[in-house]
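# Residue-level structure breakdown
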Amino acid sequence: MGPAAGSVRARYLVYFQYLGTEFNGVAAIRGSQRAIGVQNYLEEAAKRLNSVVPVKFTISSRTDAGVHALSNAAHLDVQRRSGQPPFSPEVLAEALNAHLRHPAIRVLQAFRVPIDFHARHAATSRTYLYRLATGCHRPDQLSVFERNRCWALRAGCLDVEAMQEAAQHLLGTHDFSAFQSAGSPVVSSVRTLRRASVSPDLGSPFVLPQENRLQFWNLEFESQSFLYRQVRRMTAVLVAVGLGALMPAQVKVILESRDPLGRHQTRVAPAHGLFLKSVQYGSLAPASCTLQDSPHGRHR
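Keep in mind that this is a model prediction, so the values were computed, not measured. (Residues numbered from 1 in each chain as written. Predicted model: local features only at pLDDT ≥ 70, side-chain atom pairs only at ≥ 80, totals over all residues. Heavy atoms only, no water.)

### Some thoughts on helix H2 (residues 89-99)
The periodicity of an α-helix, 3.6 residues per turn, causes residues three or four places apart in sequence to face the same way. Within the sequence span of H2, burial applies to Pro-89, Leu-92, Ala-93, Ala-95 and Leu-96. Mapping the buried residues of H2 onto a view down its axis gives an arc of 165°, with all of them on the same face. The secondary structure elements touched by the buried residues of H2 are strand E1 (9-18), helix H1 (38-46), strand E3 (68-79) and strand E4 (105-113). (Buried < 20%, exposed > 50% of the residue type's maximum accessible area, 1.4 Å probe, protein only. Helix = DSSP H or I, 4+ residues; strand = E, 2+ residues; numbered from the N terminus. Arc of directions from axis to C-beta. Contact = heavy atoms within 4.5 Å.)

So this is what it looks like as structure tokens:
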């Protein structure tokens, strides 16, 4: 009789956050000594749980190298030895944090979920935040605390009203092929964009009073799922509108072209300005899934 006989397999949904600067994305990198993903550290920490079966994280939302997450999610199975009860979600979260070996990763919260729950397929909403800074004529004019946290633009201002008008053309259900990068084949490039907003940030706490030439802006996008680099490509087009390089109506033309290689839509906004803000799961602990009341942390 094998070591797993009589033991109970428990599935958990875990929320975690990270600064993506030092990682080659969230997904685990196998067989490489130099590149490493957030998942590598999570699974290394999970080894200390002494599960009968090795713990693997199934990530809800894959993010590229340099992209951050205020709140990503994953499911994992832990199978303790016979006679040992499953970990409580609180103990699991605390244990993972205790054994994490990178300061830029933190587990926020954990939940017990049904054994057939899937963190990627069950997500009903994902929200991304993209941060911009204007008035940064030279790289050394940006606070060291904001570097790798926003896209610093040389322009002193953006036509935010034009950007907001352009964003309206992206709302709804469309074929977003024009905003998809090659490298992640999908069955369909049709997605429903529920929200696309452009708004001023109240200001970075890391900017000194004498640096008031800098302004910060937030772009937010919500959908059930996104195509590969869709958010960064939409951001680049909206910034082009804000800089006067494109008219708002041209965004609709780009969208309807379904051409990812068109001259206006090939630019991709830098990874370091992008944050995965939240992943939601419908009726599954709705308040906690957005971390509004999480004892482990908040979004902002």
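### Observations concerning the packing of helix H3 (residues 160-168) against helix H4 (residues 230-242)
Orientation of H3 relative to H4, taken along the N-to-C sense of each, is 140°, at an axis distance of 8 Å. Of the possible angle classes, the one that applies to H3 and H4 is oblique. As for the relative orientation of H3 and H4, their crossing is right-handed in sense. Side by side, H3 and H4 meet where Ala-162, Met-163, Ala-166 and Ala-167 of the first sit next to Leu-238, Val-239, Val-241 and Gly-242 of the second. Looking at the contact of H3 with H4 residue by residue, the classes come out as seven nonpolar, one polar and no charged. (Axes fitted to C-alpha atoms, helices over the stretch in contact; angles between N-to-C directions. Parallel < 35°, antiparallel > 145°, perpendicular 65-115°, else oblique. Left-handed = near helix turned anticlockwise from the far one by under 90°. Nonpolar A, V, L, I, M, F, W, Y, C, P; charged D, E, K, R; others polar.)

### Re the pairing of strand E8 (residues 190-200)
Relative to E8, strand E7 (residues 172-175) is paired through four bridges, and the arrangement is antiparallel. By the bridge assignment, Asp-175 is partnered in E8 with Val-190. Across seven bridges, the pairing between E8 and strand E9 (residues 215-223) is antiparallel. Along E9, the bridge assignment pairs Ala-196 with Phe-221. (Pairing = 2+ DSSP bridges.)

### Concerning the pattern of salt bridges
According to the stated counting rule, one finds 13 salt bridges in the structure shown. Glu-146 is the salt-bridge partner of Arg-131, the closest N and O atoms lying 2.8 Å from each other. Here Arg-131 is found in strand E5 (residues 125-134), whereas its partner Glu-146 is found in the loop between E5 and strand E6 (151-152), with 15 residues between them in sequence. The exposure class of Arg-131 is buried, given its relative accessible area of 11%. Glu-146 sits in the buried class, given a relative accessible area of 3%. Connected through shared salt-bridge partners, Arg-194, Arg-195, Glu-220, Glu-222 and Lys-277 make up one network. (Salt bridge = Lys/Arg side-chain N within 4 Å of Asp/Glu carboxyl O.)

### Details of the layout of surface pockets
Empty space within the largest pocket amounts to approximately 760 Å³. Considering the residues around the largest pocket, the lining is formed by 30 residues, among which Ser-61, Arg-62, Phe-226, Leu-227 and Tyr-228 are closest to the centre. Elements that contribute at least two residues to the lining of the largest pocket include exactly E5 and H4. Of all the elements, H4 adds the most residues to the lining of the largest pocket, at three residues. Residues that form the lining of the largest pocket fall into these classes: twelve nonpolar, eleven polar and seven charged. (1 Å grid on protein atoms, 1.4 Å probe; cavity = no way out; pocket = protein on both sides within 12 Å on 5 of 7 lines; lining within 4 Å. Points joined across faces, edges and corners; volume = space filled by probe spheres on them.)

Any functional reading would require information that these geometric values do not contain.
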